[in-house]
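Read off the chains here:
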Amino acid sequence: MSKTFPCEYSSIFYTDATRNARKKAKNRLFSYSPVSYTHLRAHETAEDTLDCSLGVNPYGFPPVVKEAFADFDPERFYHYPHSDAPQRAIVDYWVDYAFIEPENIVLTDGSVSALYLLCNILAKKGAEVVGFLPTFTDMVEYSRMMAMRYVGIPARREENWRMEVSDLVDAISGDTSLVYIDRPNNPTGQTLSLADISRVLDRCEELGVYAIVDEAYGDFLPREESAVTLGPKYKNIIIVRTFSKGFGLAGLRAGYIITGQELIRYISKVSNPYMMSELSRELAAAALSDRTYADSHGPDFVAMKRSLRGVCGKELTMAETDDRVPICLLQHRNPRADLQELLMAEGVLPCSGGEFEPLDRSSVRLRVPRAEELDKLLRAVEKVNNG
């Protein structure tokens, strides 16, 4: 492509908080109780429970990662991590879709760290963050902890939890400081089109607002569908990606931010320069060398989610979703039902919808398993569906 990610950003950077604001922030931190499914563990479930709770790739990581691990020289642990292998691999990974330079990239310890870092930079007391609900819980909670106001735009429950981009665009105003979109959405798995994302970005540019497009689940989709391809056109887009989902490397703690070079310079001033260990950098770079792995299981996910939808319909419904993405939202018709408990009784562990505002325990986020484990999941869901 002929254009690079732009270097010019509107100046919406915030100065240091006052002493009184810092004191209040400290008090909020001490009294803060995290609400996040990322703290959940499956250690209390039966040994033969099918774990469908966390949104990792059920097929694991690319074989090339194991090869890179075997070849890794442990002597490199002696030094601080300085390898630029991930930046070079990221540039190469996107070369056919967007012109990215290493100066457009910041490495992070997964996408959660990226979001925390961005909130720390862009936060000011009372700043308004606009985004859909339900969405990634940690972004909602952390922005509030940083004294920002999260304006949640509810998905249309009457339309099967469909997210209407017009509702989001209409909510972006002169009071908005930041827009957040997770794409594909967590917990529903639905994906806004690039045309819809462009509508949001057009509105953000009109008002001088940054937009974070969190593509934690984006690797399950073809690269040409990524918001990374929009970067050269828009100066206000910040893209967050991780190796935890499509590349099956959640334990590696590796991710990255792609945005314009001016904002990258600000981020670099406050970011830990040693994010991602030397080993993580080497293995992440190796994972990116496999151009087809992350989205290669899409046909399996499509088939499994269609089968799953086929055993719903009586007591359970599946929310709007992109079948290529392995997560989905199931909703029980009885608002008093605890769907997580019902499925756990049948040997399946999902993530409770109660972890996602404004959902409750009558819903669950479920990640489909490997194809060979599907029958157990279908039997459990079918039994709960039939009451």
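This text follows the structure it describes.
Calculation rules
- Residues numbered from 1 in each chain as written.
- Predicted model: local features only at pLDDT ≥ 70, side-chain atom pairs only at ≥ 80, totals over all residues.
- Heavy atoms only, no water.
- Pairing = 2+ DSSP bridges.
- Helix = DSSP H or I, 4+ residues; strand = E, 2+ residues; numbered from the N terminus.
- Contact = heavy atoms within 4.5 Å.
- Axes fitted to C-alpha atoms, helices over the stretch in contact; angles between N-to-C directions.
- 1 Å grid on protein atoms, 1.4 Å probe; cavity = no way out; pocket = protein on both sides within 12 Å on 5 of 7 lines; lining within 4 Å.
- Points joined across faces, edges and corners; volume = space filled by probe spheres on them.
- Nonpolar A, V, L, I, M, F, W, Y, C, P; charged D, E, K, R; others polar.
- Buried < 20%, exposed > 50% of the residue type's maximum accessible area, 1.4 Å probe, protein only.

A. Examining the sheet that holds strand β9 (residues 316-318) more closely. Strand order in the open sheet formed by 4 strands is β9-β10-β13-β12, with antiparallel pairing between adjacent strands. At either margin of the open sheet sits one strand with a lone partner, and together these are β9 and β12 (351-352). Docked against the sheet, helix α12 (residues 374-385) engages β9, β10 (327-332) and β13 (363-367), running at close to 125 degrees with respect to β9.

B. Geometry of empty space enclosed by the protein. Applying the stated criterion across every chain yields a total of 2 cavities of 30 Å³ or more. Size it by volume and the largest cavity reaches roughly 40 Å³. For the largest cavity, the full set of lining residues is W94, R183, E215, G218, L221, P222, R223, E225, S226 and R241. Looking at side-chain class alone, the lining of the largest cavity contains 3 nonpolar, 2 polar and 5 charged residues. Quantified by volume, the second largest cavity comes out at close to 30 Å³. Lining the second largest cavity we find L133, T135, T137, V140 and E357. For the lining of the second largest cavity, a count of residues per class yields 2 nonpolar, 2 polar and 1 charged.

C. View of unusual backbone geometry. In this structure, P134 follows L133 across a cis peptide bond, with omega equal to 0 degrees. By the element assignment, P134 lies in the loop between β3 (128-133) and α5 (137-145). For the peptide bond that leads from R183 to P184, omega is 0 degrees, which places it in the cis range. Structurally, the position occupied by P184 is in the loop between β5 (176-182) and α7 (194-207). Positive phi, normally seen in glycine, also occurs at M276, with a value near 70 degrees. Structurally, M276 is set in the loop between α8 (261-270) and α9 (278-288). By relative accessible area, which is 2% here, M276 ends up buried.

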